[in-house]
Amino acid sequence: MGVPSIETIAARLADSLRHVPSVGHVADEIEDRLDRLPTDFNEYGYDPWGLNRDVVARTTLIAALWYRHWFRVETHDIERMPHGRVLIIANHAGQIAIDAVMLGTAMLLEAEPPRIVRGMGEYWLPTVPFVNVIMVRMGSVVGTRKNCVDLLQADEAVIAFPEGVRGMNKLFSQRYQLQEFGLGFMRLALETNTPIVPVAIVGSEEQAPAIANVHSLARLLRMPAFPVTLTWPHLGLLGMIPFPVKYHVYFGEPMRFEGYYNDGDDVIGEKVEVVKQRIQSMLAAGLEARERRGRFLGIFR
Amino acid sequence: MASKPFVSGADSLFHFWPLPRPDDVLPPRGNDGNGAWTTPASDTTQVSLPSGNPPAPEQVAHPDTPDGTGSGSVSAAAAVGDVRGAELGPDDGDAHTETRGEGDIETRGGEDTADVAAEIAPAPRRPVAVVSSRERLLITGIAGGQGQLLARSVRDRFEIIGVDRERWDNHPRYVRMHVLDLRRRKLEDLFRTERPTAVVHLAFVRHFEANPRLRHEVNVAGTRQLLDYCASYGVRRLVVLSSSYVYGALPDNPCYMTEDAPLNVSRTYPEVRDLAEVDALCGAFLWRYPHIKTSILRPVNTLGNTVHSAVSRYLKLAYVPTILGFDPMLQFIHEEDLAEAVAVSLEKGIHGFFNVTGPGAVPLKVAIRESGGRPVGIPESVARVVIGNLFRLGLFPFPPGAIDFVKYPCTVEGSRFRAATGFSPVFTLSDIFKTARR
């Protein structure tokens, strides 16, 4: 039984990256930042939700290379991030959830103290082999209400994209137009008395411009959407590689809301609208700044 | 017959309260309330104790009683009694001697000398009953690993009556052992004669070697029978050892399920639905008899040297089959911590459902490696077929329904129990895995 498992092979591949000189620096930097995490790990290196420090170190290394060299992410006002529990609300776009990965990497590499961003996974994700393990080891959990409340009460940073799939798979013509927001995040924030940090991500919405969404194919393949982009699916797997757009991530002032979390949808909806307007105006400001750098090339620099 | 059935038809369903409380029908007992040890109410010659957990008065009276082989204890043995004699005794249950002939005593080394002094009282030669100052505790399934541990950890605080289908060879002297099946009428005789006021129910068939019908009958009918007797014979505290498996392992389980989570296990693992039924049965009992302090404990995976749990069998396989691409978090507790948790539940007289958790959770594969095994990932489609067939042939100890427990998490939140009892586990995760090594 000397055959290494798939997990071991992946881990070895990631570790071999460290031997590249400039990558080694990044790896060391990540180790330093992970040492300063406010998370408690048990004697085997796992936190109560299954987060593993070594897996985070490896995945963050790969993400950090994309972060630094492909998307050249620039964060603005990340020092606004409060300590303790926080709910990060951002716009969602780009066909695959790279914006979530970049935001998580930013929080680990640039926030003080470094934070692990906790994602709320879709209900079907735990049934997908390997994906479910990676998801949990990186600190995400199934997006049940109980999990979210527990994480916030343990003073973790939870990320939510209230647009959900509606936002991620929007067409190029709808870029930077926020889709309908779900209300759940506001109820959770009210219940756990958590500040909301609005985040506007500029750049992600051009990384994979979708020209159509084939609903019938999506239903057939049981996927939430089947986007057709400039490169996907006709270029195959290569077509999934996003354009090297430049990411700007704007962090807003923390917002605190008061009220009863079981209020009717109209009352909650008003509060959600405030957050949505804030993100929309932050997006507008970010786009304006980008316009000044050049109408087309500004997207890339 | 004083037996009042547990559920006696529609009428009693709507009469929640008017059942006679033991306080109304039995003479007042010594010390009660505020969680202190109470003395059994059945005996008019009871000695009441101050609160707390004091030493037995016999021990105080004779602090210099030498050891078990001393002449004092031999003369005490004159009072009578075979272990089995007590069970068959024709007496009406209020005069019991707990001392035994020297011939019955199996010496098991020096560890018991301390309680021999406490157990074997200087026998009064009068025809008066030997007064036991301690509450009587009936433990079902006492011969199992968990039962033995529990008996040992509560021996100073209770007079222990043990029941099991299996013999417990060389059982310690502080246990009055009765070999009988829970489904037998003889169990009722035992309640009548021994008059236990506390019951711990551990007698469940949790393996799959037995006929499934027998398993269901022992677990469900046996529990039902026991609950009836508890209600009829003045039992004041009851602890049932259920399991956290009753919640089931499902993909959308939250990481930390509270006691309010639904009991979903039969959805994917029908072979153990009797455990969920038992849990529900005890839950109904808990609501119906609020004066009986009933706690239903749902512990996580239990490991240790004496316990034969499903998970320890699994971890001790030569090559441990896992499902390729899945590695859920599992919680563990050491068997001795669990015995302590049961003892603490009795002591505090807590009432309700309680998840009992240990020091924490690790992924399945870490648990396998730490307990000395080798995980072998098998694609799920293959595993379902292979395990199903091997199980049918008796070559694999778990039915295919168990697969979900190595795919999805079934982890629970233990804060309610810790808040109610102040319990905290002593054994760390690495201690626990050491005991599971083959």
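Now for a quick tour of the structure. Given the structure is predicted, the values throughout are model-derived calculations rather than measurements.

1. Concerning the overall build of chain B
Counting secondary structure elements, chain B contains 17 helices and twelve strands. Buried positions account for 56% of the 438 residues belonging to chain B. Restricting the contact set of chain B to residue pairs at least 6 apart, pairs at least 24 apart contribute 75%. Here chain B displays about 18,100 Å² of accessible surface, and carbon together with sulfur accounts for 54% of that area.

2. Quick word on the overall build of chain A
When you go through chain A residue by residue, the secondary structure sums to ten helices and nine strands. Relative to the compact-globule value of 19 Å for 301 residues, chain A shows a C-alpha radius of gyration of 19 Å, a close match. Within chain A, counting contacts between residues at least 6 apart in sequence, those at least 24 apart form 76% of the total. Accessible area for chain A stands at about 14,200 Å²; split by element, carbon and sulfur atoms hold 59% of it. Positive and negative charge centroids in chain A, built from 31 and 35 side chains respectively, lie 5 Å apart.

3. What to know about the sheet that holds strand S9 (residues 329–334) of chain B
Within a sheet, adjacent strands bond to each other through the backbone by hydrogen bonds, running parallel or antiparallel. Residue and element names in this part refer to chain B. Ordered by their spatial adjacency, three strands build an open sheet running S7-S9-S11, and the pairing between neighbours is mixed. Here the strands that pair on one side only, and so sit at the sheet edges, are strand S7 (301–303) and strand S11 (360–363). Averaged over all pairs of adjacent strands, the angle between strand axes in this sheet comes to 45°, irrespective of strand direction. As paired elements, S7 and S9 share three bridges and run parallel to each other. Looking at the pairing, Leu303 lines up with His334 of S9. Across the sheet, helix H17 (residues 429–436) lies against S7, S9 and S11, angled at about 80° from S9, the strand it touches most.

4. Some details on the sheet that holds strand S10 (residues 352–356) of chain B
Residues and elements named next belong to chain B. Ordered by their spatial adjacency, seven strands build an open sheet running S3-S2-S1-S4-S5-S6-S10, and the pairing between neighbours is parallel. Of all the strands in the sheet, the pair left with one neighbour each is strand S3 (175–179) and S10. Strand-to-strand twist of the sheet, defined as the mean angle between neighbouring strand axes without regard to direction, takes the value 20°. The pairing of strand S5 (residues 237–241) with strand S6 (residues 293–299) spans five bridges and is parallel.

5. Observations regarding the pattern of salt bridges
All names here are of chain B. The tally for this structure, following the rule as stated, stands at 45 salt bridges over all chains. In this structure, Arg215 and Asp274 form a salt bridge, with 3.0 Å as the shortest nitrogen-oxygen distance. A residue pair is termed long-range when its members are at least 10 positions apart, and Arg215 in helix H9 (residues 212–232) and Asp274 in helix H11 (residues 273–288) qualify at 59 residues. Among the residues examined, Arg215 registers a relative accessible area of 3% and is labelled buried. Asp274 gets classed as buried once you look at its relative accessible area, which sits at 2%.

6. Digging into the packing of aromatic side chains
A complete count under the given rule lists 23 aromatic pairs over all chains for this structure. For the ring pair Phe208 of chain B and Phe391 of chain B, a centre distance of 6.2 Å and an interplane angle of 85° mean the geometry is edge-to-face. Placement of Phe208 of chain B in the loop between strand S4 (198–201) and H9 and of Phe391 of chain B in helix H15 (residues 380–392) is noted, with a sequence separation of 183 residues between them. Accessibility expressed as a relative area gives 16% for Phe208 of chain B, which makes it buried. Residue classification places Phe391 of chain B among the partly exposed residues on the basis of a relative accessible area of 24%. Ring pairs connect the aromatic residues Phe208, Tyr245, Tyr269, Phe391 and Phe405 of chain B, which therefore count as one cluster. Across the ring face of Phe172 of chain A, the terminal group of Arg175 of chain A is positioned such that the distance to the ring centre comes to 4.1 Å. The aromatic ring of Phe326 of chain B is capped on one face by Lys407 of chain B, whose charged end is 4.8 Å from the ring centroid.

7. A closer look at unusual backbone geometry
Residues and elements named next belong to chain A. With an omega dihedral of -10°, the bond running from Glu112 to Pro113 counts as a cis peptide bond. Structurally, Pro113 can be placed in the loop between helix H4 (98–109) and strand S3 (117–121). In this structure, the amide linkage connecting Trp232 to the following residue, Pro233, adopts the cis form with an omega of 5°. Summarising the element assignment, Pro233 is placed in the loop between strand S8 (227–229) and strand S9 (248–251).

8. Points about the side chain of Ser243 of chain B
Residue and element names in this part refer to chain B. In this structure, Ser243 sits in the loop between S5 and helix H10 (265–268). Reaching out from Ser243, the side chain makes a polar contact with the backbone nitrogen of Tyr245 at a distance of 2.9 Å. Once you skip the residues sitting within four places of it in the chain, Ser243 turns out to touch Arg206, Leu297, Arg298 and Pro299.

9. Looking at helix H3 (residues 53–70) of chain A
Residue and element names in this part refer to chain A. Compared with an ideal rise of 1.5 Å per residue, which puts 18 residues at 26 Å, H3 spans 25 Å between its outermost C-alpha atoms and is within 8% of the ideal. Those residues of H3 that sit buried are Arg53, Val55, Val56, Ala57, Thr60, Leu61, Ala63, Ala64, Leu65 and Tyr67. Structurally, H3 contributes buried residues whose contacts are with helix H1 (6–16), helix H2 (21–35), strand S1 (74–76), H4 and helix H5 (131–137). The N-cap of H3, judged by a side-chain oxygen 3.2 Å from the amide nitrogen of Asp54 a few residues on, is Asn52. One or two positions beyond H3, positive phi appears at Arg72, with a value near 45°.

10. Remarks on the packing of helix H8 (residues 184–192) of chain A against helix H10 (residues 265–292) of chain A
Residues and elements named next belong to chain A. Remark: H8 packs on H10, axes separated minimally by 9 Å, with the N-to-C direction vectors making an angle of 95°. In this view, H8 runs roughly perpendicular relative to H10, as classed from their interaxial angle. Contacts between H8 and H10 involve Phe185, Met186, Arg187 and Leu190 on the former and, on the latter, Asp265, Ile268, Lys271, Val272 and Val275. Its residues assigned to classes, the contact of H8 with H10 comprises six nonpolar, no polar and three charged.

11. A closer look at the pairing of S10 of chain B
All names here are of chain B. In terms of burial, S10 is largely enclosed, as five of its five residues are buried. Here S6 runs beside S10; their pairing, made up of five bridges, is parallel. Within S10, the residue paired with Arg298 across the bridge is Asn355.

12. Things to note about the pairing of strand S5 (residues 157–160) of chain A
Residue and element names in this part refer to chain A. Neither face of S5 is exposed, since Ala157 and Ile159 on one face and Val158 and Ala160 on the opposite face are all buried. Judged from the four bridges that link them, strand S2 (residues 86–90) and S5 form a sheet pairing that is parallel. In the sheet register, Val86 faces S5, and the bridge partner there is Ala157.

Rules used throughout
Think of each chain on its own: its residues are numbered from 1, step by step along the sequence as written. Following the order in which they are written, the chains are lettered starting with A and the ligands numbered starting with 1. Only residues with pLDDT of at least 70 get local features here, since the model is predicted, and only at 80 or more are side-chain atom pairs given and counted; chain-wide, interface and lining totals rely on the full set of residues. As a rule here, side-chain values come from all non-hydrogen atoms in the structure, and water together with hydrogens is ignored. Working definition: helices are DSSP H or I runs of at least four residues, strands are E runs of at least two. Numbering for both runs from the N terminus. Relative accessibility thresholds used throughout: buried, under 20% of the residue-type maximum; exposed, over 50%; partly exposed, between the two (1.4 Å probe, protein chains only). Residue contacts are defined here by distance: any two heavy atoms, one from each residue, within 4.5 Å place the two residues in contact. For the accessible areas, the method is Shrake-Rupley and the probe is 1.4 Å, while residue cover comes only from the protein chains on display. Only C-alpha atoms enter the radius of gyration; for comparison, a globular chain is expected to reach 2.2 Å times N to the power 0.38, where N is the number of residues. For the purpose of charge, His is not counted, nor are the chain termini; Lys and Arg are scored as positive and Asp and Glu as negative. Note that the charge is assigned to NZ on lysines, CZ on arginines, CG on aspartates and CD on glutamates. At least two bridges found by DSSP between two strands is the condition for calling them paired. An axis is simply a line fitted to the C-alpha atoms; with a helix, the fit covers only the stretch in contact. Between two such axes, the angle follows the N-to-C directions and lies from 0 to 180 degrees. One side-chain nitrogen of Lys or Arg within 4 Å of one carboxyl oxygen of Asp or Glu is enough to make a salt bridge. We call Phe, Tyr and Trp rings a pair once their centres come within 6.5 Å, taking the six-membered ring for Trp, and we label the pair stacked below 30 degrees between planes, edge-to-face above 60, and tilted otherwise. Definition used: whenever NZ (Lys) or CZ (Arg) falls within 6 Å of the ring centre and also within 35 degrees of the ring normal, the charge is taken to sit over that ring. Whenever a nitrogen or oxygen atom comes within 3.5 Å of another N or O atom, the pair is scored as a polar contact, on the condition that within protein one atom can donate a hydrogen and the other can accept it, and that pairs from neighbouring residues in sequence are kept only if both atoms are in side chains. Take the residue count of a helix, subtract one, and multiply by 1.5 Å to get its expected span. Throughout, the term roughly parallel applies to angles under 35 degrees, roughly antiparallel to angles over 145, roughly perpendicular to angles from 65 to 115, and oblique to all others. Residues were grouped as follows: Ala, Val, Leu, Ile, Met, Phe, Trp, Tyr, Cys and Pro as nonpolar; Asp, Glu, Lys and Arg as charged; and all remaining residues, including Gly, as polar.

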